[in-house]
Amino acid sequence: MDEVARALDEVGLPSELATASATVMERWGALRDTSMTIEQALAALHAPANRGEAGP
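Residues numbered from 1 in each chain as written. Predicted model: local features only at pLDDT ≥ 70, side-chain atom pairs only at ≥ 80, totals over all residues. Heavy atoms only, no water.

Looking only at helices and strands, the protein chain has three helices and zero strands in total. Listing the helices and strands of the protein chain from first to last along the sequence gives α-α-α. Burial statistics for the protein chain: of 56 residues in total, 16% are counted as buried. (Helix = DSSP H or I, 4+ residues; strand = E, 2+ residues; numbered from the N terminus. Buried < 20%, exposed > 50% of the residue type's maximum accessible area, 1.4 Å probe, protein only.)

So, in structure tokens, the structure goes:
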């Protein structure tokens with residue numbers, strides 16, 4: 001998604017959605033094979049990148 005964001009920037013189109021998608025997918029990568037509630041998943045996705053905690 002970072003590549004998509006750069007390509008959009010290069011042609012003067014909004015890249016925020018691609019950038020946001022890349023951020024969420026990066027955070028989700030550490031969580032995708034874990035078991036957690038929706039509240040824990042959302043809290044973890046809101047956490048800074050590289051934190052990778054599933055919540056309480």
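Here we come to the packing of helix 1 (residues 2–10) against helix 2 (residues 16–29). Where helix 1 contacts helix 2, the two axes come as close as 8 Å, and the packing angle between them is 165°. What the angle tells us is that helix 1 and helix 2 run roughly antiparallel. Where helix 1 crosses over helix 2, the handedness of that crossing is left-handed. Facing D2, V4, A5 and L8 of helix 1, the residues of helix 2 in contact are A18, T19 and A22. Considering only residue class, the contact of helix 1 with helix 2 consists of five nonpolar, one polar and one charged. (Axes fitted to C-alpha atoms, helices over the stretch in contact; angles between N-to-C directions. Parallel < 35°, antiparallel > 145°, perpendicular 65-115°, else oblique. Left-handed = near helix turned anticlockwise from the far one by under 90°. Contact = heavy atoms within 4.5 Å. Nonpolar A, V, L, I, M, F, W, Y, C, P; charged D, E, K, R; others polar.)

Time to look at the environment of V4. On the secondary structure map, V4 appears in helix 1. Classification of V4 by relative accessible area gives partly exposed; the value is 40%. Counting along the chain gives 14 residues from V4 to A18, while the straight-line C-alpha distance between them is 6.4 Å.

Structural measurements only, silent on function.
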